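Single-letter residue listing:
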Amino acid sequence: MELRPLVMCFALCVVYATSKPTEKKERVHHDEPLSNRDHDDIENFDYDHEAFLGQEEAKTFDQLTPEESKERLGLLKVTRIDDDKDGYVTVEEMKKWIKHAQKKWIYDDVDRQWKSHDLNGDDVVSWEEYKNATYGYILVDVFPVHAMDTETNFYRQMMARDERRFKMADQDNDLKANKEEFTAFLHPEEYDHMKDIVVLETMEDIDKNADGLIDLDEYIGDMYNQEGDASEPEWVKTEREQFTEFRDKNKDGKMDKEETRDWILPSDYDHADAEAKHLVYESDADKDGRLTKAEIVDKYDLFVGSQATDFGEALTRHDEF
């Protein structure tokens, strides 16, 4: 086998395995998603774990024994959630904690990417630095010849989308991002001035016929690949009804920009608030609307879970969270 196809294949794997702003992801629903997991407590509590702990911390807890999970949950988490130190965790305190967990995940992610993109250490990331660090090897070393125009064009399109988003995040228009601007670039759902780009990128991902609108087939196709199966899951039928009854507000059979914005960035729904109410309701044994430490630890599987492995004992304990 020739060397070039091997190199190209490796490059494709590298790009798909690396987190980038323009990668397709779960549809955003107001701010950064609490978790990319399905929220289905019948199957598992993975969504709740990531919402409560943050995605990175949830991975650490997954490796602990039940006893370790309970101890860390009680000693390191509950006491910090109880802001007024009255011995109870309210919905508002739970909501505040969940928002804190998600913010921490965002800022940790930004810190990691900042180190790999601020190449000259001048405390700003220029568009050239980001472009070279992210795409330079792929476009220059791997796809330097016209014989690979299809693959090259794919990455050039990705780069163009990133440049467009970078310029929107760059509020002083100097093509250099400070830490706040870089955060807006990587996590646009967190910033009001970036909401338009979130809607635009979502529509570009789903709108396969490029007519500037999302029809029912495109809407369903973004979530579900039938793959020759004539029968549809019940949730797909429900989504069809949601599209017809609620998404397509003007009943023209398609979602325009404003209808898409209402879908992915609803102004009247707070995921952290909904998750806080869910956790309190499921754990509140005496139904007084608040949780004691004992009630939380008793339902530790809902909050943190445990999938102990042989290397669980060797994991570093990160108590700073």
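Residues numbered from 1 in each chain as written. Predicted model: local features only at pLDDT ≥ 70, side-chain atom pairs only at ≥ 80, totals over all residues. Heavy atoms only, no water.

### Topic: the overall build of the protein chain
Condition: Runs of E in the DSSP output that reach at least two residues are strands. Runs of H or I that reach at least four are helices, and both are numbered from the N terminus. Buried means the residue's accessible area, taken with a 1.4 Å probe over protein chains only, is under 20% of the maximum for its type, while exposed means over 50%, and partly exposed covers the values in between. What makes two residues a contact is simply this: any of their non-hydrogen atoms within 4.5 Å. Each accessible area value is a Shrake-Rupley result obtained with a 1.4 Å probe; residue values ignore everything except the protein chains displayed when judging cover.
For the protein chain, the count of helices and strands is 15 helices and four strands. Within the span of the protein chain, comprising 321 residues, buried residues form 44% of the whole. Pairs at least 24 residues apart make up 63% of the contacts formed inside the protein chain by residues separated by at least 6 positions. Carbon and sulfur atoms provide 51% of the accessible area of the protein chain, an area that totals close to 17400 Å².

### Some details on the UniProt feature "domain: EF-hand" (unreviewed entry) in the protein chain
Condition: UniProt positions are given in the numbering used here, feature names are shortened, and annotations may be inferred rather than shown by experiment.
In the UniProt entry, the feature "domain: EF-hand" (unreviewed entry) is given for residues 81-104, 157-192, 194-229 and 271-306. The straight-line gap between the two end C-alpha atoms of residues 81-104 is 15 Å; of that span, 62% is helix and 0% is strand. Its end C-alpha atoms 25 Å apart, residues 157-192 is made of 58% helix and 6% strand.

### Here we look at the side chain of R247
Here R247 is to be found in helix α11 (residues 234-247). Residues in contact with R247, not counting those within four places in the same chain, are Y219, E239, Q242, M255, E259 and W263.

### Overview of the packing of helix α5 (residues 91-117) against helix α8 (residues 179-186)
For any two helices packed against each other, one specifies the crossing angle of their axes together with the interaxial distance. Applicable threshold: Axes here mean lines fitted to C-alpha atoms, for a helix over just the part in contact, with angles spanning 0 to 180 degrees between N-to-C directions. Comment on the angle field: the value is read as roughly parallel under 35 degrees, roughly antiparallel over 145, roughly perpendicular from 65 to 115, and oblique elsewhere. Each residue is assigned to one of three groups, with Ala, Val, Leu, Ile, Met, Phe, Trp, Tyr, Cys and Pro labelled nonpolar, Asp, Glu, Lys and Arg labelled charged, and all others, Gly among them, labelled polar.
Running from N to C, α5 and α8 cross one another at 110 degrees; their axes reach a closest spacing of 10 Å. Between α5 and α8, the interaxial angle falls into the category roughly perpendicular. Facing I106, Y107, D109, V110, D111, Q113, W114 and H117 of α5, the residues of α8 in contact are K179, F182, T183 and L186. Grouping the constituent residues of the contact of α5 with α8 by class yields six nonpolar, three polar and three charged.

### Side note on unusual backbone geometry
The backbone phi angle of A210 is positive, close to 55 degrees, even though this residue is not glycine. A positive phi angle, near 60 degrees, is found at K251, a position not held by glycine. The topology assignment puts K251 in the loop between α11 and β4 (254-255). Residue classification places K251 among the exposed residues on the basis of a relative accessible area of 51%.

### Some points on the packing of aromatic side chains
Going by this rule: Aromatic rings from Phe, Tyr and Trp, taking only the six-membered ring of Trp, are treated as a pair when their centres fall within 6.5 Å; an angle between ring planes under 30 degrees marks them as stacked, one over 60 as edge-to-face, and anything in between as tilted.
Taken as a whole and judged by the stated rule, the model has ten aromatic pairs. A centroid spacing of 6.1 Å and a plane angle of 35 degrees characterise the contact between F182 and F185, whose relative ring orientation is tilted. Pair noted here: F182 and F185 are both in helix α8, with a separation of three residues, about one helical turn. Residue F182 shares its accessibility class with F185, and that shared class is buried. Ring pairs connect the aromatic residues W114, W127, Y130, F166, F182 and F185, which therefore count as one cluster.

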